[in-house]
Each structure stands twice: as structure tokens, then as C-alpha cells.
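Understanding the architecture of this molecule
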Amino acid sequence: MRFVVVTSLALLAFAGAAAWVVEAEPDWYLRARYPLEYEHIVTAHARNYDLEPALLAAVVYTESRFQPDAVSPAGAVGLMQLLPETARGIALRTGGDRFVVSDLRDPEINVRYGAWYLDHLRDRYDGDLRLALAAYHAGQGNVDRWLRDGGGIAFPETRGYVDDVLRVKRVYERAYPDLLRHR
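Now for a description of the structure that goes with this document. As the structure is a computational prediction, the values presented were derived from the model and not from experiment. (Residues numbered from 1 in each chain as written. Predicted model: local features only at pLDDT ≥ 70, side-chain atom pairs only at ≥ 80, totals over all residues. Heavy atoms only, no water.)

Looking only at helices and strands, the chain features 9 helices and 0 strands. From first element to last, N terminus to C terminus, the chain shows the α and β order α-α-α-α-α-α-α-α-α. Here the chain holds 183 residues, and 43% of them are scored as buried. Of all intrachain contacts in the chain linking residues separated by at least 6 positions in sequence, the fraction that spans at least 24 positions is 58%. Of the roughly 10100 Å² of accessible surface on the chain, a fraction of 56% belongs to carbon and sulfur atoms. (Helix = DSSP H or I, 4+ residues; strand = E, 2+ residues; numbered from the N terminus. Buried < 20%, exposed > 50% of the residue type's maximum accessible area, 1.4 Å probe, protein only. Contact = heavy atoms within 4.5 Å. Areas by Shrake-Rupley, 256 points an atom, 1.4 Å probe, with all protein chains shown as cover.)

The structure is reproduced here in C-alpha cells:
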């Protein structure tokens, strides 16, 4: 029992220290630790879908660390780690009729689809960003079920994902205030 309490306290202390470190680190260090690539693509699609550029950058960082060729074990592809079937649906809804999976390795297409999808999820969940991010991570069906059951985000890894994206968003806001300003 003592080990569990000590471990829990250590984890809480670490989480608090991690939040403090982000606030205490100089901006140049944050820019080195949290690079911003494809900023013209990120900012353009954030503007197109009225998303905060720092949020979109945070999703890209959390999903792929800005690696356009990233592929997850589940088969999600590209900067924003979109599943091919999700991307195919986005392509059809946005006027595309010649989608191929290799399109997801193109940063411009991937971020455009990902921004559209995040905007769609935000609208679906009445502007609740936490639920939109949870659905981006765990799927709309899971979030709908959690809401129907009257609970919050049920998967610990999805809660962690949402918290990570929102933490990284704050980092990007601080590290790149001129590039990622929401207009």
C-alpha cells in the first residue's frame, strides 16, 4: 500500500513539475524542443477552418512529430495520422473523387483533411474541444457512447491524448506567438 501511495505522489509531483518546466523554459528552448514545420500549411488550414493555429500545430506534433511519412500500427498515415477510410470520406465530402492512400503522405492534403475533420468534430460536439479531440483520437462512436452513458472520456489513453494536445497547444502559443496567432 505504501508503495502505491509513494508512486502516486511521485507521479503527481512529476506532472506538476512538467507543467512548471514548460512555463519556466525560455522560448528558444521550447522552439528547439517543439519544432514547427509546414507552418504555412498549418496556418492556412487553421484559418480556412477557423481553428487556432497553435491547436492544429499541437495535433500534428502529438500525432506525428511533423513526420509526413508516419504510419501508426492502426494504419493511420501522415502528419495528422488519418485513417485511409476516414480520409476517403473527407475527400468525398469536400469534393474529391480521386483519393488514393498515398495522398495522405502529402503534407498539404493531410493537414487540409485533418483540419476539416477537426472542425467537423468541433461542430458535432457543439464546440467542446475536449470531446472533439477525444473523437479525433478514439473515434466518434466511442465518444457518442460515452455521452449516451452519461460519462466522460472513458479511455485513459484518450484522456492523456487530449491533455497532451492541450498542453502542447499552450507551448506552441508561447513559443511561436507571431506565427500562430489566431486571427
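This part is about the packing of helix α4 (residues 53–64) against helix α7 (residues 129–138). For the pair α4 and α7, interaxial distance at closest approach is 13 Å and the crossing angle is 30°. Considering the angle they form, α4 stands roughly parallel to α7. Classified by chirality, the crossing of α7 by α4 is right-handed. Between α4 and α7, the contacting residues are L55, V59 and E63 on the first element and L129, L133 and Y136 on the second. For the contact of α4 with α7, the per-class residue count stands at 5 nonpolar, no polar and 1 charged. (Axes fitted to C-alpha atoms, helices over the stretch in contact; angles between N-to-C directions. Parallel < 35°, antiparallel > 145°, perpendicular 65-115°, else oblique. Left-handed = near helix turned anticlockwise from the far one by under 90°. Nonpolar A, V, L, I, M, F, W, Y, C, P; charged D, E, K, R; others polar.)

Helix length check: helix α9 (residues 156–175) (20 residues) gives 28 Å between terminal C-alpha atoms against 28 Å at 1.5 Å per residue, within 8%. For α9, the set of buried residues is T158, Y161, V162, V165, L166, V168, K169, V171, Y172 and A175. (Expected span 1.5 Å × (residues − 1).)

Okay, the pattern of salt bridges next. Pairing between side chains of opposite charge can happen when their charged atoms approach one another. Enumeration over the complete set of coordinates arrives at 9 salt bridges. Ionic pairing is found between R122 and D119, a salt bridge with its closest N-O pair at 2.5 Å. Residue R122 and its partner D119 are both found in helix α6 (residues 107–124); the two are separated by 3 residues, about one turn of the helix. In this structure, R122 and D119 share a single accessibility class: buried. Residues D144 and R124 are paired through a salt bridge, measuring 2.3 Å at the closest nitrogen-oxygen approach. With D144 in helix α8 (residues 140–148) and R124 in helix α6, this residue pair connects regions lying 20 residues apart in the sequence. Taking relative accessible area as the criterion, R124 reaches 39% and is therefore assigned partly exposed. Several salt bridges share partner residues, and in doing so they unite E52, K169 and E173 into one network. (Salt bridge = Lys/Arg side-chain N within 4 Å of Asp/Glu carboxyl O.)

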